[in-house]
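Chain residues, written in single-letter form:
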Amino acid sequence: MNRLAFSQGHELAPHNGTAVAITPGWMRSEMMLEAFGSTEDDWRSATAPAGFAVSETPRYVGRAVAALAADPDRRRWNQRSVSSADLARGYGFTDTDGSRPDVWRYELDGATDPAGYR
């Protein structure tokens, strides 16, 4: 998908188009909540792998797409591969709980405390 966004961005650029590959972090969807026997109200106490502590709601990546679409200067992102957390830092939006989860940075850092990644 990343290469497709890169290639499409190249073709769309002369027409003022933008192609961006956006990946969510660990998605806290209804299916994931059910798999860990939790709900949106009690997900933090679920028995789940460590990365789940830095999970994000589906709305977070939705807010990323909306922010990008509303940006008159969105071409600066053309041909890039970004996460919802990358776009949250760039546009200043948050997830529904007011945090900015970044599971990819959490995983890369080998962190054990999710506090600095929310």
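Shown above is the structure to which this text applies.
Since this is a predicted model, take the numbers as computed values, not measurements. (Residues numbered from 1 in each chain as written. Predicted model: local features only at pLDDT ≥ 70, side-chain atom pairs only at ≥ 80, totals over all residues. Heavy atoms only, no water.)

It is worth spelling out the environment of Gly51 at this point. Tracing the sequence through the fold places Gly51 in the loop between helix H2 (30-35) and helix H3 (58-70). Owing to a relative accessible area of 3%, Gly51 belongs among the buried residues under this scheme. Distance in space between the C-alpha atoms of Gly51 and Gln8 is 32 Å, their sequence separation being 43 residues. (Helix = DSSP H or I, 4+ residues; strand = E, 2+ residues; numbered from the N terminus. Buried < 20%, exposed > 50% of the residue type's maximum accessible area, 1.4 Å probe, protein only.)

Summed over the entire model, instances satisfying the criterion amount to 8 salt bridges. When the shortest N-O distance is used, the salt bridge between Asp86 and Arg89 registers 2.6 Å. Residue Asp86 and its partner Arg89 are located together in helix H4 (residues 84-91), separated by 3 residues, close to a single helical turn. Here Arg118 and Asp97 are joined by a salt bridge, their closest N and O atoms 3.1 Å apart. Highlighted residues: Arg118 in the segment after helix H5 (103-109) and Asp97 in the loop between H4 and H5, separated in sequence by 21 residues. Linked by salt bridges that have partners in common, Asp86, Arg89, Asp102 and Arg105 make up one network. (Salt bridge = Lys/Arg side-chain N within 4 Å of Asp/Glu carboxyl O.)

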